[in-house]
Amino acid sequence: MSNATRRLKQYAGIAGGSLGLTRGRAPVGPLHAQIGICDPCNHRCVMCWDHPPEERHSEATAERFGYERPGLMSLATFRTIVDDLHALGTRRIDLVGRGEPLLNPAVVDIVAHAKARGMLLVLCTNASKLSPDIADRFVALGLDRLNVSLNAGTPETYPNIHVTETPDNFRRVITNLRYLSNARGGAGQTQPHIRLSFVIGSKNYFEVEAMVRVVSEAGADEAMFVHTVVHGGTRDLALSDAQYRALLASIPQAKATAAALGVATNLSTLAAIVPTYLEDDIKGPPVVPCYVGWYFTNVLANGSVMPCCQCAKPIDRVSAHRSFRQIWASTAYSEFRLAAKALPAASDRLASCECERCMLRPRNISLHNLLHPFHPIEGGDDEQLFTVRDLMRMKKVDRS
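Worth saying up front: this structure is predicted, and the values here are computed from it rather than measured.

Overall, the coordinates contain one disulfide when judged by the stated rule. Note that Cys311 is cross-linked by a disulfide to Cys353, the S-S spacing being 2.1 Å. Its S-S torsion of approximately 105 degrees makes the covalent link between Cys311 and Cys353 right-handed. Taken together, the positions of Cys311 in the loop between strand S9 (304–306) and strand S10 (316–317) and Cys353 in the loop between helix H13 (331–341) and helix H14 (361–371) put the pair 42 residues apart, joining distant regions of the chain. The residues Cys311 and Cys353 share a single accessibility class, namely buried. With no disulfide of its own, Cys41 lies 6.5 Å from the sulfur of Cys45, the closest cysteine sulfur. Just so you know, Cys309 is unpaired, no disulfide at all, and the nearest cysteine sulfur is the one on Cys308, 5.8 Å from it.

Below, the structure written as structure tokens:
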């Protein structure tokens, strides 16, 4: 089967399921899977839901691991999950979960297996354990993208976000990223594509231009900016009105610096999106039909299969006696899909899911409107469109 035919089959299967033609069964696998290979983390970041500093810890944090002990995924388990996904048609995997993937001693072999299976592979990390040896091996294996959570533009600000770290730790991360960038080789050698990400809040909003400069210093290709998501323990991270105005005022100069340095950014998007904690109201209904169960899945390092990043209760757990493929085809997963599709109707299946503040809401609105053009969700006109290009971006590493 050609790649084009396989993709068409994948899209048709997702559309058929989303339209209710399969009664909750998924005829194909997810377009995109997140696999956490390490639940623990060596950093404590102020905005983190999973491993916050001690003073921000809450009972809700324990629920983030599917009511199981945090785990470390074995190479054997990873291989069985990836082989199942490959057979189901999935071709993109993000190694991102609740913890730091480079703490898994099998991480290089994990990357090697995914790439041997022809997967487009993204690894998300704080890069604290990146070394020249690991960098060389990632380049040799063809890792497609390295996404690094940096969140600061200067060594001095870094410990205010990553509170367990020091300015010297920041400098070490930048040095090792520069090594990786150089290890990619000469002209035309671009793998892995290096993106540095910055979660913007009250502790770092004032150094967006410095963030752009440090991307260039590290030899990275791209800067990704997002507003922090405020929850019960992090209300102090929200920008005041004055701080938000100062952030917006700084963006034009940061964009000019990015252009001069050849750094790709999403600063225009950052400027256009109002942080959710500053919005007076949400356009359209706050809870909308959800189709995530057909196009995405998330497996934690302890084997818990989470149908969405914003659900605390797993569908099931991968084990020696229970494969991912069995779970994906299970009655429990079908019931989740049908319950999510029926939103905003209440369901016990969604009791642990934070659907009222869904990060995938724009995608679900646009997918719904694409599939139901005569019964669109009103008020969703300004949301990000789920277009054919968006589908393609889920199948490949987006370089835009």
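Taking a probe equal in size to a water molecule and rolling it over the atoms shows the remaining empty space. Counted under the stated rule, the structure contains two cavities of 30 Å³ or more. In this model, the largest cavity occupies a volume close to 130 Å³. Around the largest cavity, the lining is made up of 19 residues, and of these Cys290, Leu343, Cys355, Cys358 and Asn364 lie nearest the centre. Mapped by element, the contributors of at least two residues to the lining of the largest cavity are H13 and H14. Residues that form the lining of the largest cavity fall into these classes: 15 nonpolar, two polar and two charged. Along the walls of the second largest cavity sit Val46, Met47, Ile161, Val199, Ile200, Gly201, Ser202, Lys203, Asn204, Thr228 and Leu237, which together make up its complete lining. Of the residues belonging to the lining of the second largest cavity, the class tally is six nonpolar, four polar and one charged.

As for its placement among the helices and strands, Asn364 is situated in helix H14. For Asn364, a relative accessible area of 1% translates into the label buried. A polar atom in the side chain of Asn364 sits 3.4 Å from the side chain of Tyr295.

What counts, and at which threshold
- Residues numbered from 1 in each chain as written.
- Predicted model: local features only at pLDDT ≥ 70, side-chain atom pairs only at ≥ 80, totals over all residues.
- Heavy atoms only, no water.
- Disulfide = S-S within 2.5 Å.
- Helix = DSSP H or I, 4+ residues; strand = E, 2+ residues; numbered from the N terminus.
- Buried < 20%, exposed > 50% of the residue type's maximum accessible area, 1.4 Å probe, protein only.
- 1 Å grid on protein atoms, 1.4 Å probe; cavity = no way out; pocket = protein on both sides within 12 Å on 5 of 7 lines; lining within 4 Å.
- Points joined across faces, edges and corners; volume = space filled by probe spheres on them.
- Nonpolar A, V, L, I, M, F, W, Y, C, P; charged D, E, K, R; others polar.
- Polar contact = N/O pair within 3.5 Å; in protein donor to acceptor, adjacent residues only side chain to side chain.

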